[in-house]
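What follows is each chain in one-letter form.
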Amino acid sequence: MGVGVVLYVDDSWQVIDSVAKKWGGSGRGFHLSGTVREAANPLYSEPEKSNKVSISFDSCKITSVTCGCGNKDIFWCQHVVALSLYRIRKASSVQLRVPISETLLQMSREQLQKFAQYLISEHHTEVLPTAQKIADEILQASSEINLLPGAPDPTAGASVEDDNSWHLDEEQVQEQVRAYLSQGGYLNASTQLSSMFSKVREMLRARDSNACARMLTLITEQFLADPRLLVWKTQGTPMTDKCRQLWDELGALWVCVVLNPNCLPLDKQQWHQLLLEWASNPVCPLEDADGRHGLTLQNLAGTAIHNGIQSRSQQPPRTIFHRALEASKLTWRNEHLNLVIREDCGYTSDDNADSDHFNSSGYPLWSEHLPTACARVDALRSHGYVKEALRLAVAIVRTLKNKQKQEMKKYKTSHEASPSTSRKYGGNRNCPANAEGWVGHPLDPIGVLFDTLSEASILPDTTHSNKPSTSRHTSTDNNANCIKPLYHHVRISGNRDRAESYLTMALKVALLGLGQQRLMPPGLYAQEKACKQEEKLISKLQAIELDARLIAVLRREVDLLLEGGPCCGLGIGIHTESYPMHTFAKYLFNSLLGHDQDLAYRVGLRAMRLPVLEDTEEMDDSGNSLGSAMLSRFPRWFILGFVEGQQCELACTLLAAAKGDIHRLRTVLEVAQRHTHSSSQLFKLAQDAFVIATPVDAPKHMPALNAAFELGLQVMRMTLMTMNWRRREMVRWLVTCATEVGVQALVSIMQNWFSLFQPIEATGMVATTIMSPATMIQLNLNYHQQEELASCARNLALQCANKDPQNCALCALTLCEKDPITFENAYQIVTDAASHIMNSSQLFTIARYMEHRAYPHRAYKLALLAMKNLHLAYNQDTHPAINDIHWACALSHSLGKNELANVIPLLVKNVQCATVLSDILRRCTLTAPGLASVDGKRRAMKHLAYDKQPLRQLMEAAICAYINTTHSKLTHISPRHYGDFIDFLSKAQETFLLAHDGHYEFAKLIENMKLVYKGKKKLMSSIKERFGL
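1. Comments concerning the overall build of the protein chain
Now for step 1: Within the protein chain, the secondary structure is distributed over 44 helices and 6 strands.
Now for step 2: Evaluated residue by residue, the protein chain yields a buried proportion of 49% over its 1029 residues.
Now for step 3: Expressed as a percentage of contacts within the protein chain between residues at least 6 apart in sequence, the contacts between residues at least 24 apart total 71%.
Now for step 4: With the model as given, the accessible surface of the protein chain reaches about 51,600 Å², and the carbon-plus-sulfur share is 53%.

Spelled out as structure tokens, the structure:
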């Protein structure tokens, strides 16, 4: 209607007074018609528009509307709103007429005929068929129209007995819901459907019968007609989260509808039948979002709404409408309930004190299954009974507090009798637990109570809306832009305690709900929903500014939660699979830190535990025991990663706050190390601690830095024998952290490397980084400290080289190169491992390093060892080791003829590739051998001859390799490779000609080819043409 208001006050909209008319008859019914003219818009080249509008009224309700604009929507168009406002604000300008039937009575027969003919002439294309039909029926004496007295008059209104309701275009409701559902999981569609649910709640508050009897029914029918439901059921896949949230809201809405305190029995019976019909639909979603048909942990709780006699395991699966079905059986005809919601009462008589219906102070209680009782509160608020909802909410909170006191007494009695039954940090799988959690429940009982009580405490002059929240299961980002409400204490009516207010009660019930010891619900959706409801409730708590009165309540309630034993999530000896308290404890810690540090740290440290990962009774010490145990658990913790992230955030908050207190910092560190089982989260905590300890604009905080270093050491130990894709980052970070701590930290990690690093990490990243010039400059060490680090690095290098020579030998040689003794020891480790551990590529790499460091003979020895491990087939002419072979031969040639003579037999034995052998043969004749002699003197040396040793053996091997390769190529050659083969023969001819009888041998090879492969005539013809043989 807001759009219509704007249109009415805008000068571009005018209601033509002479056309606007109102008919009124019996005082119940009216009809208003008029023309709404829209002025031209030159900016968009839009001409002037006129729209005829017709509105029918009945019992102060608009029962039907018609507009010429053709706009199709579930809400009235702006023209209808503009005409309605014109009638309201300028009632005297609208001409009032009697019903048309009264006017017709005043006409003569001639006037009536003229009236009928003019009407038909004005709208002959529209009404002529209808007029002719009515005329024919009137002329028939026995027709039905002649048997009834009088005639209908739409301008006279309906009779007193006729039903009336606000106008609602049902076809448009169906079409729009169908269109939004067809868009799937798009955000806009979910937002629009959520707004429709909000509209239903708004209509409930206005007590509009359209809300439940028509609009909500239409929405539900379209939801059940969604074709995706059948697909999801057939494929056995869960529905999308957005869709499931909408279904949850739909189910909660029906609970509100059937719990209408002023609902007629007939209406409730009709809704019950509708709900039964929908629940029996095969595609109706189940109450369990994750589709479990059997008995679950949540089904173990007996509830007031779940009061069937038959065993749960024998009943069919519960659908999304079963809560509404069971709520439809509830009544408001309870004397004590009526007393609670109608009167602000408080008794002091001894007859009422400590009874089931009153607490020790004489205030009324309402003992009912909590979600059911809160559903009553939500129904009262939704139907506009705000005061009654407040009274019932207060009674429910008092009941919860009364039960909390009773459970505390029982726990203290049992604890004193057997104090050894509880464990300080761990959990007990066999201890009693609340199977049904209040936070995460489909009806959101704690959220209902908190909203009811907190909204009564909002300052009247704030811009925040004072209306009840419209949706509990769907959320949008628009709330982030709303102005936060301002709260103040409002005294509870009829309460003698002046310190207690609606706001303190809202805080109490929120703390009770969030601190309830409850099991992690089964299924991914249920677990995510519990997390979202918890975060939403905490965000509402954070919007409340805590004054002295609220802080006193907070401290008192937190003390009770800590001392509550297994019944409280922060108590001692909780169930192993209890929902963790990390997010809740973070809020409590931040709220209490400025007022009671001891209590704040008690809460934070207690909540750091994660019993589901700390129950090791069924686990062994093997590396994979934790993962297998988690996979075998029921229910599975699908959100374990999120939970561990919240645990890390809590630990980081505690560390940051304890920075100035060494004792508390040490305590927080020990607790974090004990209870954090995720290496990734522990690493994040270490990084956060490092940032805290090394501010940009302040000196380093050494206690916090040492804490970060200790956390880093634990991360190294946790990930040493496991696969972690962030391991390299973790190792580098630890070296950085140790560098900030100081020399002793660096010495420590190098001396204890075997418990922290793999050998390749210790040499390649740790020791190399520590001994780099950049680190030395950063540390500003003296000579003694540098030597201490260098000695540790060399010892580490030798140990790693012994343990893993393949990966650590080169780094070990690099680290030891400045110390002759350790360098020789590292070299000896390489030569010892060359024959059975290291491959040729690794040996060639180290040999090249030796040559680069001016140790040619050591490089030559390693090259010989590498050649022994190398094998090259005839067709491996692109092998990556070819460059290494050329380098080894060049090194041998440069050292002298004897060194070359030692290499050639290995080359002939292990290399069968003809092109490689021929290339080496030619390179050995380009220069004289021995140019890199040890004494450095220039000697007159001759070039080596092909027909003499050691090159003769190499030449013969090359020729033999060409012959073998030629026959191998001809075995599987195809015509497209003839050109490449002839080029290969050309290279072979060049090598053959190096020998004295090479021409003869090559010709002999060609002749043999012609004889053996005479069928390849085209190839033989090309060979003859190329070589003339």
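2. A closer look at the confidence of the model for the protein chain
Now for step 1: For the protein chain, mean pLDDT is 82; residues scoring 70 or higher make up 83% of the total.
Now for step 2: Contacts of residues 1-20 to residues separated by more than four positions or lying in other chains number 46 contacts, the stretch itself having pLDDT below 50.
Now for step 3: pLDDT under 50 marks residues 25-29. Its contacts with residues more than four places away, or in other chains, come to 19 contacts.

3. Quick look at the pattern of salt bridges
Now for step 1: Per the stated rule, a full pass over the model turns up 32 salt bridges.
Now for step 2: Arg201 is the partner of Glu249 in a salt bridge, and the nearest nitrogen-oxygen pair spans 3.4 Å. Residue Glu249 is located in helix H11 (residues 241-258), and its partner Arg201 is located in helix H8 (residues 187-205); the two are separated by 48 residues in the primary sequence.
Now for step 3: For Glu249, a relative accessible area of 0% corresponds to the buried category.
Now for step 4: Between Asp559 and Arg602 there is a salt bridge, with its nearest N and O atoms 3.6 Å apart.

4. A few points about the packing of aromatic side chains
Now for step 1: Under the defined criterion, the tally for this structure stands at 12 aromatic pairs.
Now for step 2: Ring centres 5.6 Å apart and planes at 45 degrees place the aromatic pair Trp278 and Phe321 in the tilted group. One end of the pair, Trp278, is in helix H12 (residues 265-279); the other, Phe321, is in the loop between H12 and helix H13 (322-327), and 43 residues separate them in sequence. The pair formed by Trp278 and Phe321 is uniform in burial state, with each residue classed as buried.
Now for step 3: These aromatic residues form a ring-pair network of at least three members: Phe197, Phe223, Trp247, Trp254, Trp278 and Phe321.
Now for step 4: The positively charged end of Arg726 is found above the aromatic ring belonging to Trp725, 5.9 Å away from the centroid.
Now for step 5: Its guanidinium or amino end placed over the ring of Tyr827, Arg858 lies 5.1 Å from that ring's centre, counting from NZ or CZ.

5. Quick notes on the packing of helix H41 (residues 951-971) against helix H42 (residues 978-992)
Now for step 1: At a closest axis distance of 10 Å, the pairing of H41 and H42 adopts a crossing angle of 160 degrees. The orientation of H41 with respect to H42, classified from their angle, is roughly antiparallel. Like other packed secondary-structure pairs, H41 and H42 cross with a definite hand, here left-handed. The segment H41 lies against H42, with Ala958, Ile959, Tyr962, Ile963, Thr965, Thr966, Lys969 and Leu970 engaging Phe981, Phe984, Leu985, Lys987, Ala988, Thr991 and Phe992.
Now for step 2: Classifying every residue of the contact of H41 with H42 gives 10 nonpolar, 3 polar and 2 charged.

6. A short note on helix H27 (residues 679-693)
An α-helical turn contains 3.6 residues, so a residue and the one three or four places further along point in the same direction.
Now for step 1: The end-to-end C-alpha distance of H27 is 21 Å, a good match for the 21 Å that 15 residues give at a rise of 1.5 Å each.
Now for step 2: Among the 15 residues of H27, 11 are classified as buried, and the element is accordingly described as predominantly covered.
Now for step 3: Among the residues making up H27, those that are buried are Ser679, Gln681, Leu682, Phe683, Leu685, Ala686, Asp688, Ala689, Phe690, Ile692 and Ala693.
Now for step 4: Where H27 is buried, its residues meet helix H25 (640-657), helix H26 (662-675), helix H28 (702-719) and helix H29 (727-741).

7. Observations regarding helix H15 (residues 370-382)
Now for step 1: In a regular helix each residue adds 1.5 Å, so 13 residues correspond to 18 Å; H15 covers 18 Å between its end C-alpha atoms and thus fits that length.
Now for step 2: Taking burial as the measure, the 13 residues of H15 include 13 buried ones, the bulk of the element.
Now for step 3: Following H15 by one or two positions, Gly384 has its phi on the positive side, about 90 degrees.

8. Focus: the packing of helix H34 (residues 805-816) against helix H35 (residues 820-833)
Now for step 1: Running from N to C, H34 and H35 cross one another at 160 degrees; their axes reach a closest spacing of 9 Å. Relative to H35, the element H34 is oriented roughly antiparallel. The element H34 and its partner H35 pack so that their crossing is left-handed. Note on element contacts: H35 touches H34 through Thr822, Phe823, Ala826, Tyr827, Ile829, Val830 and Ala833, opposite Pro805, Ala809, Ala812, Leu813 and Cys816.

9. So, unusual backbone geometry
Now for step 1: Even without glycine at this site, Asp444 takes up a positive phi of about 50 degrees.
Now for step 2: Tracing the sequence through the fold places Asp444 in the loop between helix H16 (386-417) and helix H17 (445-455).
Now for step 3: The phi dihedral of Ala854 falls on the positive side, at around 70 degrees, and the residue is not glycine.
Now for step 4: Tracing the backbone through its elements, the reader meets Ala854 in the loop between helix H36 (840-852) and helix H37 (856-868).
Now for step 5: Among the residues examined, Ala854 registers a relative accessible area of 58% and is labelled exposed.

10. With respect to the side chain of Ser892
Now for step 1: Here Ser892 lies in helix H38 (residues 882-895).
Now for step 2: Those residues in contact with Ser892 that lie beyond four places of it in its chain are Tyr860, Glu899, Leu900 and Val903.

11. Observations regarding the state of the cysteines
Now for step 1: Following the criterion strictly, the structure yields 0 disulfides and no others.
Now for step 2: Not engaged in a disulfide, the cysteine Cys67 finds its nearest cysteine sulfur in Cys69; these two sulfurs lie 3.5 Å apart.

12. Concerning the environment of Leu720
Now for step 1: Among the structural elements, Leu720 can be located in the loop between H28 and H29.
Now for step 2: Accessibility expressed as a relative area gives 14% for Leu720, which makes it buried.
Now for step 3: Note: C-alpha distance between Leu720 and Phe754 (34 residues apart in sequence) is 9.4 Å.
Now for step 4: Apart from the residues within four sequence positions on either side, Leu720 is in contact with Arg727, Phe754, Ser755, Leu756, Phe757 and Gln758.

13. A word on the environment of Asn338
Now for step 1: You can see Asn338 is positioned in helix H14 (residues 335-342).
Now for step 2: For Asn338 and Leu392, which are 54 residues apart along the polypeptide, the C-alpha to C-alpha distance reads 9.6 Å.
Now for step 3: Those residues in contact with Asn338, other than ones at most four positions away along the chain, are Trp332 and Arg333.
Now for step 4: Among the polar contacts listed, one links the side chain of Asn338 to the backbone oxygen of Trp332, at a separation of 3.5 Å.

Thresholds applied
Residues numbered from 1 in each chain as written. Predicted model: local features only at pLDDT ≥ 70, side-chain atom pairs only at ≥ 80, totals over all residues. Heavy atoms only, no water. Helix = DSSP H or I, 4+ residues; strand = E, 2+ residues; numbered from the N terminus. Buried < 20%, exposed > 50% of the residue type's maximum accessible area, 1.4 Å probe, protein only. Contact = heavy atoms within 4.5 Å. Areas by Shrake-Rupley, 256 points an atom, 1.4 Å probe, with all protein chains shown as cover. pLDDT = per-residue confidence, 0-100. Salt bridge = Lys/Arg side-chain N within 4 Å of Asp/Glu carboxyl O. Phe/Tyr/Trp six-rings, centres within 6.5 Å; stacked < 30°, edge-to-face > 60°. Lys NZ or Arg CZ within 6 Å of the ring centre and 35° of its normal. Axes fitted to C-alpha atoms, helices over the stretch in contact; angles between N-to-C directions. Parallel < 35°, antiparallel > 145°, perpendicular 65-115°, else oblique. Left-handed = near helix turned anticlockwise from the far one by under 90°. Nonpolar A, V, L, I, M, F, W, Y, C, P; charged D, E, K, R; others polar. Expected span 1.5 Å × (residues − 1). Disulfide = S-S within 2.5 Å. Polar contact = N/O pair within 3.5 Å; in protein donor to acceptor, adjacent residues only side chain to side chain.

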